[in-house]
Amino acid sequence: MGDPYPGAADPYPVPSRENMITMVMQFTGVMDEGIVRRVLQDHHWDSNMASQFLLASGGLEVMEFTLPAGASPGRTSTDRTILLAQEMANAALVAMRDPRRAICDLLTSQDGKFAVGKDASRTNFTKGTHHTNDRVESNFGCIDLLTRMFRYATVESISGMAQQMRNRDFDTPPTIVSDRRKGKRKHEQKENAGGFFYTGLSEKLRESLVAYARKAAADARVDGRLAVAAQAEEKLARREERVITLLNTAVERYAYAKELFQSWMTQRAESKEIVAKALLNEHGKAKPEAQQLEYLRIQIEMRVLGCGWTEYATRWSSSKDSRIGTVAHLQTLLEEIIIHEKSLRG
């Protein structure tokens, strides 16, 4: 093998003591700096031991990471960092999949006893309940949850409650009396301060809002019942419209199927030869493709819709398969249907 680092004075330089301590902690998982320092001191910071450790821990990737700039002209510092990150990620996966570690019991890939879906009782406990993992996940999730909880609430009320959930207006402040952490950041204080009802309104405004809600509750219930009744009538009217539309569509399809059945009685092609002849003009040449497709489609619909042989239903085109809907495809399908038709006649 040639020199992997041409131009470098020492292809495997021994790092400083501080770098050695850092790399030992990273690649062995020992996070106690005192223990690592004592182990290296026992070896008297031997250069041979350090080189062997580097080769055993990370190979050339670790070597390149410790080389000075310009020692490896073929690779940049970004490439060396990516290689080192890959090695560290692979080491983390190996550690997580170790059956002696507690985290392995949580992995589905390792069939852990505490993995998601392993315990069937958890699924049984949630059957029939209407819950969401996060009540502010989306407006649709909030509305779905509220409509199931308050089945007789109006649309306006549901919309208002969903928006308040989305904005966390009524999130209660934490019950912690004091926090002794000195390094607490400002954004943490904002996140744990509570919703707008507790932080955006003064105590008098909150009392006034609650008092007004109590007084207006009776009239609001009456208006709500009227709104729910009007909504029910509108839903019933829309349902009747949809039913009428579906009935009209069903009648039209039935009438079209009857017409196709009558055409099948008088105009069906009874053999492959008749089909092949129908695709040619009076001079014995193939008709235009559009006319051939129209003839084949009518013959197939006579049998699929008119006779009810839905097992031969097909698509007339496909963006994934260019062969679907071609003359060759429809002609082959029609010939199969004719064979099936003859077998039914005996």
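As a reminder, the structure under discussion sits directly above these lines.
Bear in mind the structure is a predicted one, so any value in this text is a computation, not a measurement.

J.: Can you walk me through the overall build of the protein in this structure?
T.: From N to C terminus, the protein includes 14 helices and zero strands. Traced from its N-terminal end to its C-terminal end, the protein shows the element sequence α-α-α-α-α-α-α-α-α-α-α-α-α-α. If you take every contact in the protein between residues at least 6 apart in sequence, the share linking residues at least 24 apart comes to 50%. As presented, the protein carries roughly 25,800 Å² of accessible surface, and 55% of it is formed by carbon and sulfur atoms.

J.: Looking at this structure, I do not really get a nonpolar patch on the surface. What am I missing?
T.: Residues L93, M96, I103, L106 and F114 make up a contiguous nonpolar surface patch of about 430 Å² in total accessible area. Topologically, I103 is positioned in the loop between α5 (77-96) and α6 (120-125). Residue I103 is classed as partly exposed on the basis of its relative accessible area of 36%.

J.: For this particular structure, what's the right way to read helix α11 (residues 203-267)?
T.: One turn of the α-helix equals 3.6 residues, which is why residues spaced by three or four share an orientation. At A217, α11 is deflected by roughly 50 degrees, the largest bend along its length. All buried positions along α11 are accounted for by G224, A257, L260 and W264.

J.: Just checking my understanding: could you explain helix α14 (residues 327-345) for this structure?
T.: Over its 19 residues, α14 runs 27 Å from end to end, which matches the ideal 27 Å to within 8%, given 1.5 Å per residue. Within α14, burial applies to V327, L330, L333, L334, E335, I337, I338 and E341. For α14, the secondary structure elements touched by its buried residues are α11, α12 (272-278) and α13 (289-306).

J.: Hey, could you run me through a positive patch on the surface in this one?
T.: Taken together, the side chains of R151, K235, R239 and R242 make up a positively charged region of the molecular surface. Examined against the element boundaries, R151 turns out to sit in the loop between α7 (139-149) and α8 (155-167).

J.: Where do I start with the packing of α11 against α13 in this structure?
T.: Pairs of packed helices are described in terms of their axes, by the angle between the two and the distance that separates them. Two elements in contact, α11 and α13, have axes whose closest approach is 8 Å; the angle formed by their N-to-C orientations is 120 degrees. Classified by the angle between their axes, α11 and α13 sit oblique to one another. Read as a crossing pair, α11 and α13 show a hand that is left-handed. In this structure, α11 contributes Y256, A257, L260, F261, S263, W264 and Q267 to the contact, and α13 contributes Q299, E301, M302, R303, L305 and G306. Looking at side-chain class alone, the contact of α11 with α13 contains seven nonpolar, four polar and two charged residues.

J.: Is there a simple way to think about the pattern of salt bridges in this case?
T.: For side chains of opposite charge, pairing can occur when their charged atoms come near one another. Overall, the coordinates contain eight salt bridges when judged by the stated rule. Measuring nitrogen to oxygen at the nearest pair gives 3.1 Å for the salt bridge that ties E341 to R303. Of this pair, E341 sits in helix α14 while R303 is found in helix α13, placing the two residues 38 residues apart along the sequence. R303 matches E341 in its accessibility class, with the two residues each being buried.

J.: What is the right way to look at unusual backbone geometry in this model?
T.: Peptide bonds are mostly trans, and most non-glycine residues show a negative phi. The phi angle at D111 is positive, at roughly 55 degrees, despite the residue not being glycine. Mapped onto the elements of the fold, D111 is located in the loop between α5 and α6. A relative accessible area of 54% places D111 in the exposed class.

J.: Would you explain the side chain of S318 in this entry?
T.: Within the secondary structure, S318 is located in the loop between α13 and α14. With a relative accessible area of 18%, S318 lands in the buried category. A polar side-chain atom of S318 sits 3.3 Å from the main-chain amide nitrogen of K320. Side-chain polar atoms of S318 contact the backbone nitrogen of D321, separated by 3.3 Å.

Conventions adopted
- Residues numbered from 1 in each chain as written.
- Predicted model: local features only at pLDDT ≥ 70, side-chain atom pairs only at ≥ 80, totals over all residues.
- Heavy atoms only, no water.
- Helix = DSSP H or I, 4+ residues; strand = E, 2+ residues; numbered from the N terminus.
- Contact = heavy atoms within 4.5 Å.
- Areas by Shrake-Rupley, 256 points an atom, 1.4 Å probe, with all protein chains shown as cover.
- Patch = residues over 30% accessible without salt bridge, like charges linked within 9 Å, V, L, I, M, F, W, Y side chains within 5 Å.
- Salt bridge = Lys/Arg side-chain N within 4 Å of Asp/Glu carboxyl O.
- Buried < 20%, exposed > 50% of the residue type's maximum accessible area, 1.4 Å probe, protein only.
- Bend = angle between axes of the 7 residues up to and from the residue.
- Expected span 1.5 Å × (residues − 1).
- Lys, Arg positive; Asp, Glu negative; His and termini not counted.
- Charge placed at Lys NZ, Arg CZ, Asp CG, Glu CD.
- Axes fitted to C-alpha atoms, helices over the stretch in contact; angles between N-to-C directions.
- Parallel < 35°, antiparallel > 145°, perpendicular 65-115°, else oblique.
- Left-handed = near helix turned anticlockwise from the far one by under 90°.
- Nonpolar A, V, L, I, M, F, W, Y, C, P; charged D, E, K, R; others polar.
- Polar contact = N/O pair within 3.5 Å; in protein donor to acceptor, adjacent residues only side chain to side chain.

Remember that the coordinates give geometry; whether it matters functionally is a separate question.
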